[in-house]
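Coordinate inspection notes
In case you want the letters, here they are:
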Amino acid sequence: MVEPRPGSTPPTPVTIAAPRRAVAAPAGPPARLGPVAAAAQTARTLAGEVGLAVNLQVTRRLPVSLVHFVTRRCNARCSFCFIDFDHPAQRHTELTVEEIDRLTRTVGPHLRNVNLTGGEPFLRRDLDRIVDSWYRNTAIESVYITSNGAFPDQVEDLARRVAADHPDRRLIVSFSIDGLPADHDRIRRVSGLFDKTMDSYHRARAAGANVTANIGITVSHENHSAVPELYRHLVEERGIRAVTAIVVRDEGVYAIPEDHRREILAAYRWLTERIGVDLRSGVLEGYDPATLQGRLMNRKNEMLWRIVADTYLEPRYVSPCHAARLFGVIDVDGTVHPCEVLDRPLGNLRDHDMDLGRVWASAAADETAHWIRDTRCHCSYECAWGFNILGNARYQPELLRAAIGR
Ligand code: SF4
Ligand code: SF4
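Described in the following lines is the structure provided in the data block. Worth saying up front: this structure is predicted, and the values here are computed from it rather than measured.

Let us now look at the overall build of the protein. Check the secondary structure of the protein and you find 13 helices and nine strands. Burial analysis of the protein (406 residues in total) assigns 49% to the buried set.

Moving on, we come to the sheet that holds strand S3 (residues 142–147). Strands sit in the order S6-S5-S4-S3-S2-S1-S7-S8-S9 across an open sheet of nine strands; the sheet is mixed. Looking at the sheet topology across the chains shown, the edges are occupied by strand S6 (243–247) and strand S9 (347–348). By the bridge criterion, two bridges tie strand S8 (residues 335–337) to S9 in an arrangement that is antiparallel. Looking at S9, one finds that Thr335 is bridged to Asn348.

On to the packing of helix H8 (residues 261–281) against helix H9 (residues 292–310). For the pair H8 and H9, interaxial distance at closest approach is 10 Å and the crossing angle is 170 degrees. With respect to H9, the axis of H8 lies roughly antiparallel. Here Leu265, Tyr268, Arg269, Thr272, Gly276 and Leu279 of H8 come into contact with H9, specifically with Asn298, Glu302, Trp305 and Ala309. Tallied by class, the residues present in the contact of H8 with H9 amount to five nonpolar, three polar and two charged.

Here we take up the site of ligand 2. Surrounding ligand 2, one finds Cys321, Ala323, Pro338, Cys339, Val341, Leu342, Ile372, Cys377, His378, Cys379, Tyr381 and Ala384. In terms of residue class, the shell around ligand 2 is made up of eleven nonpolar, one polar and no charged.

Ranked by size, the top nonpolar core spans 102 residues in total, and within it Val143, Ala159, Val173, Val219, Leu271 and Ala384 carry the most contacts. Those residues in contact with Leu271, other than ones at most four positions away along the chain, are Ile217, Val219, Val227, Tyr231 and Ala245.

Here the focus is helix H2 (residues 97–104). Each full turn of the α-helix corresponds to 3.6 residues, which orients residues three or four apart in the same direction. Taken as a whole, H2 has its buried residues at Ile100, Leu103 and Thr104. On an axial view of H2, the arc spanned by its buried residues comes to 95 degrees, and they lie on one face. Close packing links the buried residues of H2 with helix H3 (127–137) and helix H10 (356–360).

Moving on, we come to helix H5 (residues 181–188). If you check which residues of H5 are buried, you get His184, Asp185, Ile187 and Arg188. Take H5 and look down its axis: the buried residues cluster within an arc of 165 degrees, on one side only. Contacts made by the buried residues of H5 are with helix H6 (193–205). Count one or two residues on from H5 and you reach Arg189, which has phi positive near 60 degrees.

What counts, and at which threshold
- Residues numbered from 1 in each chain as written.
- Chains lettered and ligands numbered in written order.
- Predicted model: local features only at pLDDT ≥ 70, side-chain atom pairs only at ≥ 80, totals over all residues.
- Helix = DSSP H or I, 4+ residues; strand = E, 2+ residues; numbered from the N terminus.
- Buried ≥ 20, exposed ≤ 12 C-beta atoms within 10 Å, placed from the backbone.
- Pairing = 2+ DSSP bridges.
- Axes fitted to C-alpha atoms, helices over the stretch in contact; angles between N-to-C directions.
- Parallel < 35°, antiparallel > 145°, perpendicular 65-115°, else oblique.
- Contact = placed C-beta atoms within 7 Å.
- Nonpolar A, V, L, I, M, F, W, Y, C, P; charged D, E, K, R; others polar.
- Near = placed C-beta within 6 Å.
- Core = buried A, V, L, I, M, F, W, Y, C linked by C-beta atoms within 7 Å.
- Arc of directions from axis to C-beta.

Remember that the coordinates give geometry; whether it matters functionally is a separate question.
Laid out in structure tokens, this is it:
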């Protein structure tokens, strides 16, 4: 199946700590608790965090992050898209909002993020109800939506609703940009899309203190030579304050042209280094380096960029992958996959009463998790790497050094 490509899963929906601007703004002063109730609440919070840490580092039995494809429909036709839009199975298979509501009640206590993607998620008219179910029925901290930015009114509408209805949760909307305006519109085959995406970005950014807007650049054969100029244009001329980078990979109906691989890698290295520099200097907004968690997450991202770049030309096994354990992917028709790369479905939610817990605990999921471990499965899928770094002991010393400011 699937990809991270423009319009799709960005590298870091892992938000154990909040990016600076995304710190939730409580609607009013916190309600006063009596000493017993306050102590009980603190104990519950502590128990939850300890349980999450044990799950991340030891047991690895419950999902911490999910990617959820809410549609395969799209208004664009990007040259590198993995979706076979002509395949009849792409239509009439979407989970209904009622099915999604049932699903969200079964994801377990440790889920912290869900990434709603597509296709173009804002083509779903019931996207607000889907988002509401994820906030209402789970313990997630954030919903992350990837979009091509073609629908500024819908983006603003949703962002404002989340700001009003869920001020203690976060919404991150990441818009894909591939090139300077004319190139972007040509690559995506949608006239005027670049400007609409800028409009969507700024409207989302203005919607509320708990809403973050981001621009995601996927480095591909289409744009590698223009990446520096594109980055400068976005930051200096368009007022963009949050940028993430991913590197295109072979997937679905897309294959990287062989003669472009080295240039793609060089551009990805340039972009991630530049983002790192601009995050540290405050040109871009990111995790706050003044906080322990901010330093931890910034270092995790730097490690992720380094590992992906180091293994791009010559893919090799570096450390265990926790797909089907800590994270997974829900496809548009309810099929649950370990990740966006491996074609070993764990089961379909519709065959299990929309119960993700049952699919996650199934023999098929166990078999796949063992297969991933035993075959030393490896790839450059950034979402997986985010969790593999957080969940593997070998990376903890470097993360700890970052946490204490070294
Ligand atoms: S065609 Fe649509 S889903 Fe595919 S990459 Fe482009 S915007 Fe994303
Ligand atoms: S290493 Fe993990 S993310 Fe990559 S293909 Fe294997 S299971 Fe999927």
